[in-house]
Amino acid sequence: MPTYKLTYFDIRGLAENTRILFALGQQSFEDVRLSFSFGVPGDFSTIQRPEFDAMKAAGALDSSLGKVPLLEVDGAKIGQSKAIERFVASSLGLMGSSPVEAAQIDQLGETVRDIKDAYQKVRAIQGDEEKKKGMDKWFAEDLPNWCKLAEKSLPASSGPCLVGAKASLADVLFYTLLLAPGCFFDNTEGAKAAFQDCPKMKAALEAMDALPQLKEYLAKRKETPF
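All of these numbers come straight from a predicted model, not from anything done at the bench. (Residues numbered from 1 in each chain as written. Predicted model: local features only at pLDDT ≥ 70, side-chain atom pairs only at ≥ 80, totals over all residues. Heavy atoms only, no water.)

This part covers the environment of Ala103. Tracing the chain through its elements places Ala103 in helix α4 (residues 99-123). On the accessibility criterion, Ala103 (46% relative accessible area) is partly exposed. Ala103 sits 67 residues away from Phe36 along the chain, and the two C-alpha atoms are 37 Å apart. (Helix = DSSP H or I, 4+ residues; strand = E, 2+ residues; numbered from the N terminus. Buried < 20%, exposed > 50% of the residue type's maximum accessible area, 1.4 Å probe, protein only.)

Here is the structure:
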């Protein structure tokens, strides 16, 4: 069996989907979490990352463009969070049962990317009043509409998973977007409400939430600010 080592900061961030994939696949891995602190709380211009800086200076992060997450598989290095997610999902049987299912899972991953990109435009709105209007509209209209579009795009299946007969990377991506504790959106209730009129998506996310290996992982997961 290959050995896996995942290096990232001590937050959920860009590594959490991969950690959940390892949990679903019941695959052990070395979870290296780099420390960080703020000179001024919340001011990212004052962030201090001594372990990360030392790794970068030593060239240990060259294969990942001087960034993390970084996955090492029997010593071979893989960068880029989405490449890591797809690799781990494929390795652990969480990327569908055929090339077509793998492509459908990948398609849903790109839908999640589109949703996040659309949300970032709302977050970038200037002015408190205008931003509040944008956020209210996002959770009342835009995000539910995105969920309905995604629902229509789902392939036919016996359910309850988004693609195929078992949980996959697609289920992980939508779960961490919309339902997981500490999900992508700060407005967790608004995110949860957004998919209630999407029966296939709702069934898939609730099935994910009930998986014993996921429950065990979440129960043991360290609370982090991001």
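So, on to the UniProt feature "domain: GST N-terminal" (unreviewed entry) in the protein. Per the UniProt entry, the sites bearing "domain: GST N-terminal" (unreviewed entry) are residues 2-96 in this numbering. Secondary structure across residues 2-96 comprises 29% helix and 23% strand; the distance between its end C-alpha atoms is 21 Å. (UniProt positions renumbered as here; feature names shortened; annotations may be inferred.)

Let's shift gears to helix α5 (residues 128-153). Here α5 spans 35 Å end to end across 26 residues, near enough to the 38 Å set by a 1.5 Å rise per residue. The largest bend in α5 amounts to roughly 50° and is located at Trp138. When α5 is considered as a whole, its buried residues turn out to be Gly134, Met135, Trp138, Phe139, Asp142, Leu143, Pro144, Cys147, Ala150 and Glu151. Residues of α5 that are buried sit in contact with α4, α6 (169-178), α7 (188-194) and α8 (199-209). (Expected span 1.5 Å × (residues − 1). Bend = angle between axes of the 7 residues up to and from the residue. Contact = heavy atoms within 4.5 Å.)

Moving on to the UniProt feature "domain: GST C-terminal" (unreviewed entry) in the protein. The UniProt record annotates "domain: GST C-terminal" (unreviewed entry) at residues 98-226. With 68% helix and 0% strand, the stretch residues 98-226 has end C-alpha atoms that lie 35 Å from each other.

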